[in-house]
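Working through the structure, step by step
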Amino acid sequence: MRGKLVFLGLLSMQLTSTGMRATEKTNTWPLQSNSVIQTTALDIYRQYLSSHKKIAAGENPDLETVNRVGNQVIVAVKDYYKGKGAAKELEGFFWEINFIEERKADAWCFPGGKIAVYSSLLPVTQSEGSLAAVLAHEIAHVVLKHGDIRMKQYLKQYLGGKDLAASLAANPLETKDFFRMAYANGDYVGVIRGFDTKDEMAADELGAILTAMAGYKAQEAVVFLERMIWFRNTGRTPEYVLSHPIDEKRTERLKEIVDDIARKYYRPISKN
Ligand SMILES: [Zn+2]
């Protein structure tokens, strides 16, 4: 699927590859089937939920917003792939959103569509459109398989070159830590390792498309990035900026394409 996405091709022409990183070098090396990745993600997600405070109905008015906006973005990603004749890409995805009491401004999505949104993200996103842009960006990372590439690298470099199932059998705790680092940027294992610029830009582009399809202005993605830069420059860096490094190259690129995306993909929110 990666190779079929035009925007990835465009991005790779414009970006200088950062050496070892890559797509090209790890593509042929087996990580594991999607179903093993998704089963592992589900297992770790359930463990995560059992040890963190899930916000329940009536506890926080933002819960309704998170669920509603999140579900609009989920409908958008399903329709996006269906429209490309590639619904198969989302096989095994059983989407789920949980809103977590957490004093970090961040969110992540695991393979199979398991999403965590932290309560402290909402004061940073400030509007439904920005929240949609963030969730769309997270979902874009997962459907573009950016975490898979990282997990392959970790298995190869740090976990003895085994595939995921073998590594889990031999060394479950460490393998799960690397899995969290690969897919959720390690935010909750204490070592934050952000995605690289190339992946960020690809997720920005698909994220803007999904934001527009979810019924919001695609430009919200730019507004959000600019607000993150402002936070960073005033010394109050949200965790989101650490896990999704923001530089001017990202915002400039997004500004160039976002109006076109808005024109092509915007559709009003369905009232159904
Ligand atoms: Zn990102």
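Just so we're clear, the structure is a prediction, and the values are computed from it rather than from any experiment.

With respect to the sheet that holds strand S2 (residues 107-110)
The sheet built from 3 strands is open, its strands ordered S1-S3-S2 with mixed pairing. Among the strands making up the open sheet, the edge pair consists of strand S1 (96-100) and S2. Pairs of neighbouring strands in the sheet enclose a mean axial angle of 15°, with direction left out of account. Together, S1 and strand S3 (114-118) form the strand contacts of helix H4 (residues 62-83), whose direction differs from that of S1 by roughly 155°.

A short note on the pairing of S3
With respect to burial, S3 is a largely interior element, 5 of its 5 residues being buried. Two strands pair when backbone bridges link them, and S1 and S3 are joined in this way by 5 bridges, in the parallel orientation. Bridge assignment links Glu-96 to a residue of S3, and that residue is Lys-114. Note: S2 against S3, 4 bridges, orientation antiparallel. Counted as the bridge partner of Trp-108 is Ala-116 from S3. The antiparallel hairpin formed by S2 and S3 contains 3 residues in its connecting segment, where Gly-112 sits at a positive phi of about 90°.

What about the nonpolar core?
The nonpolar side chains of a soluble globular protein tend to be buried with one another. Residues Val-73, Val-117, Ile-139 and Leu-210 are the most contacted members of the largest nonpolar core, which totals 71 residues. It is helix H6 (residues 128-143) that provides the largest number of residues to this core, a total of 10 residues. For Val-117, the residues in contact, after removing those within four places along its chain, are Val-66, Ile-97, Phe-99, Ile-100 and Ala-107.

Details of the confidence of the model for the protein
Averaged over the protein, the pLDDT score is 85; the fraction of residues at 70 or greater is 84%. In the predicted structure, residues 1-27 sits below a pLDDT of 50 and forms 21 contacts with residues beyond four places in sequence or in another chain.

Here's the deal with H4
Here H4 contains 22 residues, and its C-alpha end-to-end distance of 31 Å stays within 8% of the 32 Å for a straight helix at 1.5 Å per residue. Looking only at H4, the buried set comprises Leu-63, Val-66, Val-69, Gly-70, Gln-72, Val-73, Ile-74, Ala-76, Val-77 and Tyr-80. Buried residues along H4 sit against S1, S3, H6 and helix H10 (197-213).

About the criteria used
Residues numbered from 1 in each chain as written. Predicted model: local features only at pLDDT ≥ 70, side-chain atom pairs only at ≥ 80, totals over all residues. Pairing = 2+ DSSP bridges. Helix = DSSP H or I, 4+ residues; strand = E, 2+ residues; numbered from the N terminus. Axes fitted to C-alpha atoms, helices over the stretch in contact; angles between N-to-C directions. Contact = placed C-beta atoms within 7 Å. Buried ≥ 20, exposed ≤ 12 C-beta atoms within 10 Å, placed from the backbone. Core = buried A, V, L, I, M, F, W, Y, C linked by C-beta atoms within 7 Å. pLDDT = per-residue confidence, 0-100. Expected span 1.5 Å × (residues − 1).

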